[in-house]
Amino acid sequence: MVCKRAVVPMQTPILILGGILAGVFTPTEAAAVAVAYAVIVAFLILRTMTVRDLPDVLARAAMTSAVILLLVGAALAFKTVVSLSYAPQILADFILGLSENPLILLFLINLLLFVVGMFLDAGPAIIILGPILGPVFVDLGVHPVHFAIIMSVNLTVGLATPPMGLVLFVASSVSGERVETIARSILPFLAIEIVVIFLITYIPAISMTVPRLTGFVQ
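What counts as what
- Residues numbered from 1 in each chain as written.
- Predicted model: local features only at pLDDT ≥ 70, side-chain atom pairs only at ≥ 80, totals over all residues.
- Heavy atoms only, no water.
- Helix = DSSP H or I, 4+ residues; strand = E, 2+ residues; numbered from the N terminus.
- Buried < 20%, exposed > 50% of the residue type's maximum accessible area, 1.4 Å probe, protein only.
- Contact = heavy atoms within 4.5 Å.
- Areas by Shrake-Rupley, 256 points an atom, 1.4 Å probe, with all protein chains shown as cover.
- Lys, Arg positive; Asp, Glu negative; His and termini not counted.
- Charge placed at Lys NZ, Arg CZ, Asp CG, Glu CD.
- Phe/Tyr/Trp six-rings, centres within 6.5 Å; stacked < 30°, edge-to-face > 60°.
- Core = buried A, V, L, I, M, F, W, Y, C linked by side-chain atoms within 4.5 Å.
- Axes fitted to C-alpha atoms, helices over the stretch in contact; angles between N-to-C directions.
- Parallel < 35°, antiparallel > 145°, perpendicular 65-115°, else oblique.

Q: Looking at this structure, I do not really get the overall build of the protein. What am I missing?
A: For the protein, the helix and strand inventory stands at 12 helices and zero strands. Listed N to C, the secondary structure of the protein is α-α-α-α-α-α-α-α-α-α-α-α in terms of helices and strands. Each principal axis of the C-alpha atoms in the protein carries an extent, and together these give about 65 × 40 × 30 Å. Looking at the 218 residues of the protein, the share that counts as buried comes to 29%. Long-range pairs, those at least 24 residues apart, make up 61% of the contacts in the protein between residues at least 6 apart in sequence. Of the roughly 13,400 Å² of accessible surface on the protein, a fraction of 75% belongs to carbon and sulfur atoms. Charged side chains in the protein number 9 positive and 10 negative. The centres of these two groups are separated by 18 Å.

Q: What is the right way to read the environment of M208 from this model?
A: For M208, the location among the structural elements is in helix α12 (residues 205–213). Judged by its relative accessible area of 1%, M208 is buried. Remark: the alpha-carbon pair of M208 and H146, spanning 62 residues in sequence, is separated by 6.7 Å. Discounting chain neighbours no more than four positions away, the residues touching M208 are H143, V145, H146 and V217.

Q: Teacher, can you tell me more about the packing of aromatic side chains here?
A: For any pair of aromatic rings, the description consists of the separation of the ring centres together with the inter-plane angle of the planes. What the rule picks out here adds up to three aromatic pairs. Pairing F198 with Y202 gives two aromatic rings, centres 6.4 Å apart and planes at 5°, and the pair type is stacked. Placement of the pair is F198 and Y202 together in helix α11 (residues 187–202), with a separation of four residues, close to one helical turn. Taking the relative accessible area as the measure of exposure, F198 reaches 22% and is therefore partly exposed. On the accessibility criterion, Y202 (34% relative accessible area) is partly exposed. What links up through ring pairs into an aromatic cluster is the set F107, F198 and Y202.

Q: Mind showing me how you'd approach the nonpolar core here?
A: One broad rule of soluble globular proteins: the nonpolar side chains tend to lie buried together. In this structure, I109, L133 and F137 are the most contacted members of the largest nonpolar core, which totals 23 residues. Looking at this core, the elements with two or more residues in it are α5 (87–96), α6 (102–119), α7 (122–139) and α8 (144–157). At seven residues, the largest contribution of residues to this core is made by α6. Setting aside residues up to four positions removed in sequence, L133 forms contacts with A92, L96, I109, L113 and F147. Counting residues in hydrophobic clusters, the runner-up holds 10 residues, among them V157, V179, I186 and I197.

Q: Is there a simple way to explain the packing of α8 against α11 in this structure?
A: For any two helices packed against each other, one specifies the crossing angle of their axes together with the interaxial distance. One way to put it is that α8 packs onto α11 with a least axis distance of 10 Å and a crossing angle of 170°. When the interaxial angle is binned, α8 and α11 end up roughly antiparallel. Facing H146, I149, I150, V153, N154 and V157 of α8, the residues of α11 in contact are L190, E193, I197, I200 and T201.

Following this line, the structure appears as C-alpha cells:
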C-alpha cells in the first residue's frame, strides 16, 4: 500500500526532467509546474495536507529560499572579488606553462577546476575560466564540446565540496544536519565522481557518442 501511494509523488522528477528535455518549459517554469503538481497530489490524491497546513509550509519554503538566495548572492560577490584579483587567470597560465602534452594538461586542469569549484559556483567559474582555457585546448586538438563537458561536470561536482559548496548548504538547510556531517557522509560519492570525471576526460566516447549519433557534433 505504501509503495502504491509513493508512485504518484515519484513522478515529479519525470515531470520536471521530461518537460525540460522535451522543450515544453524552462527550468524556472518547471519549478512552478512541480509546485502545482505537488499541491494537487498533497491535497487531492494523498490528502496529506489541508488548508491549515499552508502557512507553515509557505513559511518553511520562504526560509529555505532565503538561505539559498543568500548563498547565491555571496557566491556572486566572491566571484567578483576573485575576478578582479585575476587569480583564476594567474593559476591557469601557471598550469598551462607546465607542459605541452594535452593529456598532462587535462589532468592538471581537472585539478585546477576541482579546486576552483570548492570556492566558486559553477556558473561564474565557467564564465571566468571558459574563455581562457577553451581556445587553448581546442588548439591542442581537444574537441570544444568534449572540453565543455569536462569543465561542466568538474565544476558541478564542486557544488558539493566544502567550503563553499552550494549543495552542501542547501542540504543542511533542508535536512537540519550540520554541513560538516553532510560533507563527511558524501566523501565516498565524491570519490566516485572524481573517477567519473577522469573517465570522461580520457575516454571521449563516453560523452561524445550520443551527440555524434544524434547529429549535434560532427
